[in-house]
Amino acid sequence: MNDFKLDNEPRISSGFTTPDGYFDSFSEKVLAQLPQQEPKVISIFSSKKTWYYAIAAVLVLMISIPLYTRYATNNEEVDDATLENYIAYHSTISEDEIVDLLNQEDLDKMKMELHVDDAAIEETLKSNSNLEEYLID
Amino acid sequence: MQDEKDFIQELLNPKTQNSAFQKLLREYQRPLYNHIRNIVLNHDDADDVLQNTFIKVFKYLKDFKGDSKLFSWMYRIATNEAITFINQKAKRNGTTSEALQTKLVDNLKADVYFDGNEIQFKLQKAIAALPEKQQLVFKMKYYEEIKYEDMSEILGTSVGALKASYHHAVKKIEEFVKNN
């Protein structure tokens, strides 16, 4: 054994054997264990579900758009004082022109709105010390 | 074997899958069995590992990218399965995989599925004394006659490193046989 060289020896096999017919039955044994491929089932429910989501999304949009518009408009509303100032300083319409635009009915209405009872007038006149001067004028 | 891409398609198509897989089994069951048996040494263990290997091949075939040959990919799975099996068995027995290898070789004498003569048995003992990587390279080269290029693809090691491993293994085996 002193000159043992693997290359000089005839090839040494592993010496392993298998039971008779092992490979004949092996395939079947493995095939029986394979997970069966299930046919692909397209679930009606899940596709319906998608539609439900789509419809819900459309409904939400339908409700939210008018709501948004409403609140957006509210936000743009300006208070009366600002509006009055705007008209007073930016309007090119003169007071005379506004007066021309008012008809008799409008004037009566304004009169009515400005109606003050006699007692109040009398009280005001009494308390006004310059009244006589006005009368003289 | 026909064009590998077509064959893989057959394996993935549910209609042709069964017959294609039978073909794959016929083609590879013996070489893969030998490969696994050389690592785990015992027939029953080799049978278990071989079944697991084919089941994994079937399971992961859809993920096979075709970067390597189907042959190398399957050998890689078989090698990993066999080595994992040995390591787990050693852990269960509370021993190292090297000690387990020595014990398994000693058991071969009583194994009905080992009919090796004295020199075959001695060679098995000499291999069991090698480091794990050298064992693997020697078995694949000497017993299974796998080309270095294919081995390189299976083990992910360069051809040069494999040749060096084999050379070291041969030297150690010759030394072992001389002294025993």
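Everything in this summary refers to the structure shown in the same document. (Residues numbered from 1 in each chain as written. Chains lettered and ligands numbered in written order. Predicted model: local features only at pLDDT ≥ 70, side-chain atom pairs only at ≥ 80, totals over all residues.)

### Describing the overall build of chain A
Then comes step 1: In terms of regular secondary structure, chain A is built from 7 helices and 0 strands.
Then comes step 2: Start at the N end of chain A and walk to the C end: the helices and strands fall as α-α-α-α-α-α-α.
Then comes step 3: Buried residues in chain A amount to 3% of all 137 residues. (Helix = DSSP H or I, 4+ residues; strand = E, 2+ residues; numbered from the N terminus. Buried ≥ 20, exposed ≤ 12 C-beta atoms within 10 Å, placed from the backbone.)

### A closer look at the packing of helix H6 (residues 118-128) of chain B against helix H9 (residues 159-179) of chain B
Residue and element names in this part refer to chain B.
Then comes step 1: Their axes nearest at 9 Å, the elements H6 and H9 cross at an angle of 125 degrees. Regarding the angle of H6 to H9, the classification is oblique. Both H6 and H9 take part in a crossing whose hand is right-handed. When H6 is examined against H9, the residues Lys-122, Leu-123, Ala-126 and Ile-127 are found in contact with a partner set consisting of Ile-173, Phe-176 and Val-177.
Then comes step 2: A breakdown of the residues in the contact of H6 with H9 according to their chemical character gives 6 nonpolar, no polar and 1 charged. (Axes fitted to C-alpha atoms, helices over the stretch in contact; angles between N-to-C directions. Parallel < 35°, antiparallel > 145°, perpendicular 65-115°, else oblique. Left-handed = near helix turned anticlockwise from the far one by under 90°. Contact = placed C-beta atoms within 7 Å. Nonpolar A, V, L, I, M, F, W, Y, C, P; charged D, E, K, R; others polar.)

### Quick notes on the packing of helix H4 (residues 70-92) of chain B against helix H8 (residues 148-155) of chain B
Residues and elements named next belong to chain B.
Then comes step 1: Relative orientation of the contacting elements H4 and H8 amounts to 55 degrees, with a least axis distance of 8 Å. Considered as vectors, H4 and H8 are oriented oblique to each other. The crossing of H4 and H8 is right-handed. Between H4 and H8, the contacting residues are Ser-72, Tyr-75, Arg-76 and Thr-79 on the first element and Asp-150, Glu-153 and Ile-154 on the second.
Then comes step 2: When the residues that make up the contact of H4 with H8 are grouped by side-chain class, the tally is 2 nonpolar, 2 polar and 3 charged.

### Structural notes on the environment of Ser-158 of chain B
Residues and elements named next belong to chain B.
Then comes step 1: Within the element layout of this structure, Ser-158 appears in the loop between H8 and H9.
Then comes step 2: Overall, the presence of 11 C-beta atoms within 10 Å leaves Ser-158 in the exposed class.
Then comes step 3: Along the sequence, Ser-158 and Tyr-148 sit 10 residues apart, while their C-alpha atoms lie 8.7 Å from each other.

### Focus: the interface of chain B and chain A
Then comes step 1: Residue-level contacts link 28 residues of chain B with 22 residues of chain A.
Then comes step 2: For the side of chain B that touches chain A, the secondary structure elements donating two or more residues are helix H2 (17-40), helix H3 (43-60), H6 and H9 of chain B.
Then comes step 3: Here the side of chain B that touches chain A gets 9 residues from one element, more than from any other, and that element is H2 of chain B.
Then comes step 4: The residue inventory of the side of chain B that touches chain A, partitioned by class, reads 14 nonpolar, 8 polar and 6 charged.

### Regarding H9 of chain B
Residue and element names in this part refer to chain B.
Then comes step 1: Helix length check: H9 (21 residues) gives 30 Å between terminal C-alpha atoms against 30 Å at 1.5 Å per residue, within 8%.
Then comes step 2: Within the sequence span of H9, burial applies to Leu-162, Ser-165, Ala-169 and Ile-173. One side of H9 carries all its buried residues, which in axial view fall inside an arc of 65 degrees. Residues of H9 that are exposed and angled more than 90 degrees away from the buried face: Gly-160, Lys-171 and Asn-179.
Then comes step 3: Contact partners of the buried residues in H9: H6, helix H7 (132-143) and H8. (Expected span 1.5 Å × (residues − 1). Arc of directions from axis to C-beta.)

### Digging into unusual backbone geometry
Residue and element names in this part refer to chain B.
Then comes step 1: Unlike most non-glycine residues, Leu-41 shows phi in positive territory, near 70 degrees.
Then comes step 2: With respect to the helices and strands, Leu-41 occurs in the loop between H2 and H3.
Then comes step 3: Of note in the backbone geometry, Glu-145 takes a positive phi value of approximately 55 degrees without being a glycine.
Then comes step 4: Examined against the element boundaries, Glu-145 turns out to sit in the loop between H7 and H8.

### Comments concerning the nonpolar core
If you look at soluble globular proteins, the nonpolar side chains tend to sit buried side by side.
All names here are of chain B.
Then comes step 1: Counting residues in hydrophobic clusters, the biggest one holds 48 residues, and the most contacted among them are Leu-32, Ile-36, Val-40, Leu-50, Met-74, Ala-82 and Ile-127.
Then comes step 2: In terms of residue count, H2 provides more of this core than any other element does, 9 residues in total.
Then comes step 3: When residues of this core are sorted by domain, at least three fall in each of domain 1 (1-95) and domain 2 (116-180).
Then comes step 4: Discounting chain neighbours no more than four positions away, the residues touching Val-40 are Asp-45, Ala-46, Val-49, Ala-82, Phe-85 and Ile-86. (Core = buried A, V, L, I, M, F, W, Y, C linked by C-beta atoms within 7 Å. Domains from an automatic or database assignment.)

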